[in-house]
Amino acid sequence: MYEDLTAKEMLNKLLEKHYSDAMEAKESGRPVGWVASNFPQEFIEVFDLDVIYPENQTAAIAARSEAPEMIEESESLGYSSDICSYARVSLGFLEKGYSESSNVPMPDFLLCCNNICNQLIKWFENISHELNIPLILVDVPFNNDYEVTESRIEYMKGQVDYLIKSLEEISGKKFDPEKFKKIQEISNETSRQWRRVESLAQKEPSPVNGFYLFNYMALMVCARGKESTRDCIKKYADELEELYNKGESQYKGEQKHRIMMEGIACWPYLRHNSKYLNEYGINLVGSIYIQTWGRIYSSLEEMLYSYSNVPDGINLERAVDRRLDIARKSKCDGILVHMNRSCKIWDGFLLEMVRRVSEELDIPYAIFDGDQADPSKFSKAQFETRVQGLNEIMDARKEVKIND
């Protein structure tokens, strides 16, 4: 069906199908769910449930300049401008009932997982209250320790039976252990291909324009356990490998500097930010935001471990080490940091984390203010000034290395 398409064409077709399938399910009377981005989706796939990921939808709404309308709608209801803009956009969509740029069916049930933040719970609780629909929560404790402890894994395992029973009631189907195992295998292979993409991005010169990875990430979020997603990501990795072997790249122009991007993408200005970095020959080759979707495991316990080890759910020391690993493998010359007004848990120790990484690797960093979905929190002038400063420092250090 997709054999003759490029990876990009296949990506667009699969994302379109993801949303159209949910619309068709709703129209035919089948249940449709809204799901938090880092929910253990392997369980959902077993029951063939059609689901929408509101974080994907709100990112699309923001990238297509419709977020202010949704934010105005939610804030008119009394929601504070200080809460996550994903929630404000989503709750605004819920009130309005329609989006010109990224329309999705209203949910019949909700699946929430708080491994990225606890505000998700309140966001989904409000939707549950407004629509009078069930909310199923998988509670994932924050990791104050460096490793995910066995007690945390056991606590998550203790919720699996309840999750399965709830999904059986919603879907009208019984849990199939063999099908679950098969989906886990597919999810693992998809993640291996995603890690292959990430490793290709780290090569010199990189065959990847790092901003392109945000597009493919949408598919990793919503359909990692599907064979079609596995095939699409493999095709993309194959295309990148071919480009690298030919000495070519998706990145247009000279790659003067390689950076690690820290934080969630600033969706309303993604195109602007990508183009402006390109003007200076700066390529994004590493990001924990991109890396986090490559989950590989060999058991239920390891699967739950991977969902406990997301960027927002780990302590400072582990967060620093993960960034050090990415920056080293990517041979980064600098770090560009998005101080995201929405993501309080990410920003909480962001400055200290970046300071440690910068000192350990002796590379410069620059910070710009912004937001993942609210365009009013971003300044083009500030972003451009910060990039100019970072570029000047990287240029100077490169000159010193050449002269040495």
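Keep in mind that what you see is a predicted model, and the values were worked out from it rather than measured.

Draft legend 1. Region of interest: the environment of Pro141. With respect to the element layout, Pro141 can be found in the loop between strand E4 (135-138) and helix H7 (150-157). On a C-alpha basis, the gap between Pro141 and Asn118 in space is 9.9 Å, while along the polypeptide they are 23 residues apart. In this view, Pro141 contacts Arg152 and Tyr155; residues no more than four positions away in its chain are not counted.

Draft legend 2. Representation of the packing of helix H5 (residues 85-96) against helix H6 (residues 119-131) in the model. One way to put it is that H5 packs onto H6 with a least axis distance of 10 Å and a crossing angle of 10°. Looking at the two axes, H5 sits roughly parallel to H6. Contact residues: H5 offers Tyr86, Ala87, Ser90, Leu91 and Leu94, while H6 offers Trp123, Asn126, Ile127, Glu130 and Leu131. Looking at the contact of H5 with H6, its residues break down into seven nonpolar, two polar and one charged.

Draft legend 3. Highlighting the sheet that holds E4. The strand order across the open sheet formed by four strands is E2-E1-E3-E4, and the pairing between neighbours is parallel. This sheet does not close on itself; its edge strands, each paired only once, are strand E2 (50-52) and E4. Direction aside, neighbouring strands of the sheet carry axes that sit 25° apart on average. Sheet topology places strand E1 (residues 32-35) next to E2; three bridges connect them, and they run parallel. Pairing of Gly33 across the sheet is with Val51, part of E2.

Draft legend 4. Broad picture of helix H8 (residues 160-171). The end-to-end C-alpha distance of H8 is 16 Å, a good match for the 16 Å that 12 residues give at a rise of 1.5 Å each. Along H8, the residues that are buried comprise Val160, Leu163, Ile164, Ser166, Leu167 and Glu168. Looking at the buried positions of H8, the neighbouring elements they touch are helix H2 (41-46), strand E3 (109-113), E4 and H7. Phi turns positive, to about 75°, at Gly172, one or two residues after H8.

Draft legend 5. How the structure looks around empty space enclosed by the protein. Enumeration over the complete set of coordinates arrives at four cavities of 30 Å³ or more. Each pocket or cavity is described by its volume, and for the largest cavity that value is around 60 Å³. Surrounding the largest cavity, Phe211, Phe214, Met261, Ile264, Ala265, Cys266, Leu270, Asn273, His338 and Phe368 form its lining. Of the residues that constitute the lining of the largest cavity, the class distribution is eight nonpolar, two polar and no charged.

Draft legend 6. Molecular detail of the packing of aromatic side chains. Per the counting criterion, the structure on display carries 16 aromatic pairs. Relative to Phe378, the ring of Tyr269 lies with its centre 4.4 Å away and its plane at 25°, an arrangement referred to as stacked. Remark: Phe378 occurs in the loop between strand E8 (365-370) and helix H18 (380-403) and Tyr269 occurs in the loop between strand E5 (257-262) and helix H12 (270-279); sequence separation between them is 109 residues. On the accessibility criterion, Phe378 (9% relative accessible area) is buried. Ring centres of Phe378 and Phe383 lie 5.8 Å apart, and the angle between their planes is 45°; this geometry places the pair in the tilted category. Phe383 matches Phe378 in its accessibility class, with the two residues each being buried. An aromatic cluster of three or more residues is present, and its members are Tyr269, Tyr276, Tyr280, Phe368, Phe378 and Phe383.

Draft legend 7. Representation of the pairing of E3 within the structure. Across the five residues of E3, five count as buried, placing the element largely inside the fold. Alternating positions in E3 separate into two faces, Phe109, Leu111 and Cys113 on one and Leu110 and Cys112 on the other, with burial throughout. In this structure, E1 lies alongside E3, joined through three bridges in parallel fashion. The partner of Val35 across the bridge, within E3, is Leu111. With four bridges connecting them, E3 and E4 associate as parallel partners. Pairing of Leu111 across the sheet is with Ile136, part of E4. Handedness of the β-α-β unit built from E3, H6 and E4 comes out right-handed.

Draft legend 8. Inspection of the nonpolar core at higher detail. Counting 131 residues, the largest nonpolar core has Tyr86, Trp194, Phe214, Trp267, Leu277, Tyr289 and Leu336 as its most contacted members. No other element matches helix H10 (residues 213-223), which puts 10 residues into this core. Filtering out sequence-adjacent residues up to four positions away, Tyr86 remains in contact with Glu55, Thr58, Ala59, Trp123, Ile264, Trp267, Tyr289, Gln372 and Ala373.

Thresholds applied
- Starting from 1, residues in each chain are numbered consecutively following that chain's sequence as written.
- Predicted model: local features are reported for residues with pLDDT of at least 70 only, side-chain atom pairs are reported and counted for 80 or more only, and whole-chain, interface and lining totals are derived from all residues.
- Derived side-chain values reflect all non-hydrogen atoms in the structure, with water molecules and hydrogen atoms excluded from consideration.
- Helix and strand definitions here come from DSSP, where helices need a minimum of 4 consecutive H or I residues and strands a minimum of 2 consecutive E residues; each element is numbered from the N-terminal end.
- Any two residues having at least one pair of non-hydrogen atoms within 4.5 Å are treated as being in contact.
- Lines are fitted to the C-alpha atoms to define the axes, a helix being fitted only along its stretch in contact, and any angle between axes, read from their N-to-C directions, falls within 0 to 180 degrees.
- Angle categories: roughly parallel below 35 degrees, roughly antiparallel above 145, roughly perpendicular from 65 to 115, and oblique for all the rest.
- Note that Gly is not counted as nonpolar here; it falls among the polar residues with everything else outside the nonpolar set of Ala, Val, Leu, Ile, Met, Phe, Trp, Tyr, Cys and Pro and the charged set of Asp, Glu, Lys and Arg.
- Any two strands are treated as partners once DSSP identifies two or more bridges connecting them.
- Here, expected helix span is obtained from the residue count minus one, scaled by 1.5 Å.
- Only protein chains enter the accessibility calculation, which uses a 1.4 Å probe; a residue whose area is less than 20% of its type maximum is buried, one above 50% is exposed, and one in between is partly exposed.
- Grid points spaced at 1 Å and placed over the protein atoms alone form the basis of the search, with a cavity being a set where a 1.4 Å probe fits but cannot get out and a pocket an open set showing protein on both sides within 12 Å along at least five of seven lines. Lining residues have an atom within 4 Å of a point.
- Grid points are joined across faces, edges and corners, and a volume is the space filled by probe spheres set on the points.
- Only rings of Phe, Tyr and Trp enter the pairing, Trp through its six-membered ring, and a pair is recorded when the two centres are within 6.5 Å. The plane angle decides the type: under 30 degrees is stacked, over 60 is edge-to-face, the rest tilted.
- When the strands point away from the viewer, a crossover counts as right-handed if the route from the first strand across the helix to the second turns clockwise.
- Remark: nonpolar core denotes a set of buried residues (Ala, Val, Leu, Ile, Met, Phe, Trp, Tyr, Cys) joined through side-chain atoms within 4.5 Å.

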